[in-house]
Amino acid sequence: MALGKVNLALTIHAHQPVGNFDHVIEEAYQKSYRPFADVLLRHPSLRVSLHASGILLEWLESHHPDFFEILGRLAARKQVEFVGGGYYEPILVSIPDPDKIAQIEKMSGYLQKHFGTKPSGAWVAERVWEPSLARPLAQAGAQYVILDDTHFLAAGLNSSELHGAYITEEGGIPLRLVPSLSRLRYTIPFHEPEDTLRILQEGRDASSNGSPLLSVGDDWEKFGIWPGTFEHCYANQWLERFLAALEGASDWLQTTTVS
C-alpha cells in the first residue's frame, strides 16, 4: 500500500462450470479472458488480483497454453496476485470442513506448481458467507477473503468504515475480511472512468485513514461476455481508457493487490 494515497484493490474473478461446452468457454476466452490480459500487459504499473477456478485453469492450460505464459509473465513482474479458493468453485458452507480445506489446498497447490506462487487469499464462491468459514479457510492457508459490503453494513458499520480490512476469528483462529464496495462494482465497467475516480476521491475525503484501501471484487466475464460489454470494453476501448485514467491519477491513487 502507498502511504498518503487512496489504494485501490481490484479483484477479477472467473469461473466456468464443470462440464461446460468447449465452445462456451472458448467464447469467454476470446471475448473476455484474453483481451483483458492483453490490455493489462500494456499497463505494467497497474496491479490487480486475479482469481480463476481450478477447473477453468485446467481448461485454459489444455486449450491455450500461450495464455498460461501471459499469466506467468503478469505474476513474475508482480503485476498480478493470484487469489485461491475452492478448486471446483463449491459453495463452501454446503460441504464438510475437511472438504473445504482439501478444495482450497488443491487450488493452492495448482497455483504453486504452475506459477510459483502460493495464494494468500481465497475467493468465496457466489459470495455466500457464514462466520464458521473463518476457521477452515484459515486452516487451509487463507489469510483473507473478499466479501460484499452488504455483510459489513448489516453488521452495523457504515460505508465510511469500509476503507480497509477487518479481522474475524473462529475458535481463536483469525481471518481478514476485505469489503468489496458495491458502488465500485456498479460503475466498473458500466460508467465512464471518471465516475469511478469520483467514488475513489470521495472515499479519500470520507475516510479517517490517511491511506484508505478501497476494494472491489467482481466477475471477469463482465469485461466482454455480458451483453454489449465486448464492444464497450474493447471496440470502444473502455478498459484502455479506464486503466489510463488510473495511471493519470497516480499523484493521489495507487493500485495494489489485496494481500
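Right above here is the structure, for reference.
What counts, and at which threshold
Residues numbered from 1 in each chain as written. Predicted model: local features only at pLDDT ≥ 70, side-chain atom pairs only at ≥ 80, totals over all residues. Heavy atoms only, no water. Helix = DSSP H or I, 4+ residues; strand = E, 2+ residues; numbered from the N terminus. Buried < 20%, exposed > 50% of the residue type's maximum accessible area, 1.4 Å probe, protein only. Contact = heavy atoms within 4.5 Å. Areas by Shrake-Rupley, 256 points an atom, 1.4 Å probe, with all protein chains shown as cover. Salt bridge = Lys/Arg side-chain N within 4 Å of Asp/Glu carboxyl O. Pairing = 2+ DSSP bridges. Right-handed = clockwise from strand over helix to strand, strands pointing away. Phe/Tyr/Trp six-rings, centres within 6.5 Å; stacked < 30°, edge-to-face > 60°. Axes fitted to C-alpha atoms, helices over the stretch in contact; angles between N-to-C directions. Parallel < 35°, antiparallel > 145°, perpendicular 65-115°, else oblique. Left-handed = near helix turned anticlockwise from the far one by under 90°. Nonpolar A, V, L, I, M, F, W, Y, C, P; charged D, E, K, R; others polar. Expected span 1.5 Å × (residues − 1). Arc of directions from axis to C-beta.

### What to know about the overall build of the chain
Then comes step 1: Helix and strand counts for the chain come out as 10 helices and 10 strands.
Then comes step 2: Overall, the C-alpha framework of the chain stretches about 45 × 45 × 30 Å when taken along its three principal axes.
Then comes step 3: Scored against the burial criterion, the 259 residues of the chain give a buried share of 54%.
Then comes step 4: For the chain, the proportion of contacts with a sequence separation of at least 24, taken over those separated by at least 6, is 76%.
Then comes step 5: If you sum the accessible surface of the chain, you get close to 11300 Å²; carbon and sulfur atoms cover 51% of it.

### A look at the pattern of salt bridges
Then comes step 1: All told, the structure shown has 13 salt bridges when counted by the stated rule.
Then comes step 2: Of the charged contacts in the structure, one is a salt bridge between Glu-27 and Lys-31, with a shortest N-O distance of 3.2 Å. Separated by 4 residues within a single helix, Glu-27 and Lys-31 lie in helix 1 (residues 22-41), roughly one turn from each other.
Then comes step 3: For Asp-97, the salt bridge is made with Arg-135, and the minimal N-O distance between the two is 3.2 Å. In this pair, Asp-97 sits in helix 4 (residues 97-115) while Arg-135 sits in helix 5 (residues 134-139), placing the two residues 38 residues apart along the sequence.
Then comes step 4: For Asp-97, a relative accessible area of 26% corresponds to the partly exposed category.
Then comes step 5: Connected through salt bridges with shared partners, the residues Arg-127, Asp-148, Arg-185, Asp-218 and Lys-222 form a single ionic network.

### Concerning the pairing of strand 6 (residues 144-148)
Then comes step 1: Counting buried positions along strand 6 yields 5 of 5 residues, so the element is predominantly enclosed.
Then comes step 2: As paired elements, strand 5 (residues 121-123) and strand 6 share 2 bridges and run parallel to each other. Bridge pairing links Gly-121 to Tyr-144 in strand 6.
Then comes step 3: With helix 5 bridging strand 5 and its parallel neighbour strand 6, the resulting β-α-β unit is right-handed.
Then comes step 4: For strand 6 and strand 8 (residues 173-180), the ladder comprises 5 bridges, and the chain directions are parallel.

### Looking at the packing of aromatic side chains
Then comes step 1: A full pass over the atoms with the stated rule returns 15 aromatic pairs.
Then comes step 2: A centroid spacing of 5.9 Å and a plane angle of 70 degrees characterise the contact between Tyr-87 and Tyr-110, whose relative ring orientation is edge-to-face. Pair noted here: Tyr-87 is in the loop between strand 4 (84-85) and helix 4 and Tyr-110 is in helix 4, with a separation of 23 residues, a long-range link. Pair check on accessibility: Tyr-87 and Tyr-110 agree, each one buried.
Then comes step 3: Ring geometry for Phe-223 and Trp-238: centres 6.3 Å apart, planes at 40 degrees, overall tilted. Of this pair, Phe-223 sits in the loop between strand 9 (213-219) and helix 9 (229-235) while Trp-238 sits in helix 10 (residues 238-248), and the two are 15 residues apart along the sequence.
Then comes step 4: A relative accessible area of 3% means that Phe-223 is categorised as buried.
Then comes step 5: A relative accessible area of 0% places Trp-238 in the buried class.

### What to know about the packing of helix 2 (residues 54-63) against helix 4
Then comes step 1: Packing of helix 2 against helix 4 brings their axes to within 10 Å, and their N-to-C directions diverge by 30 degrees. Classified by the angle their axes make, helix 2 and helix 4 are roughly parallel. As helix 2 runs across helix 4, the sense of the crossing is left-handed. Listed contacts from helix 4 to Gly-54, Leu-57, Glu-58 and Glu-61 of helix 2 are Met-107, Tyr-110, Leu-111 and His-114.
Then comes step 2: The residue inventory of the contact of helix 2 with helix 4, partitioned by class, reads 4 nonpolar, 2 polar and 2 charged.

### Thoughts on helix 3 (residues 65-76)
Then comes step 1: Between its first and last C-alpha atoms helix 3 spans 17 Å; for 12 residues at 1.5 Å apiece the expected length is 16 Å, and the two agree.
Then comes step 2: Inspection of helix 3 places Phe-67, Phe-68, Ile-70, Leu-71, Leu-74 and Ala-75 among the buried residues, and these make up the whole buried set. Within helix 3, the buried residues cover an arc of 160 degrees as seen down the axis, which keeps them to one side. In helix 3, the exposed residues that point more than 90 degrees away from the buried face are Glu-69 and Ala-76.

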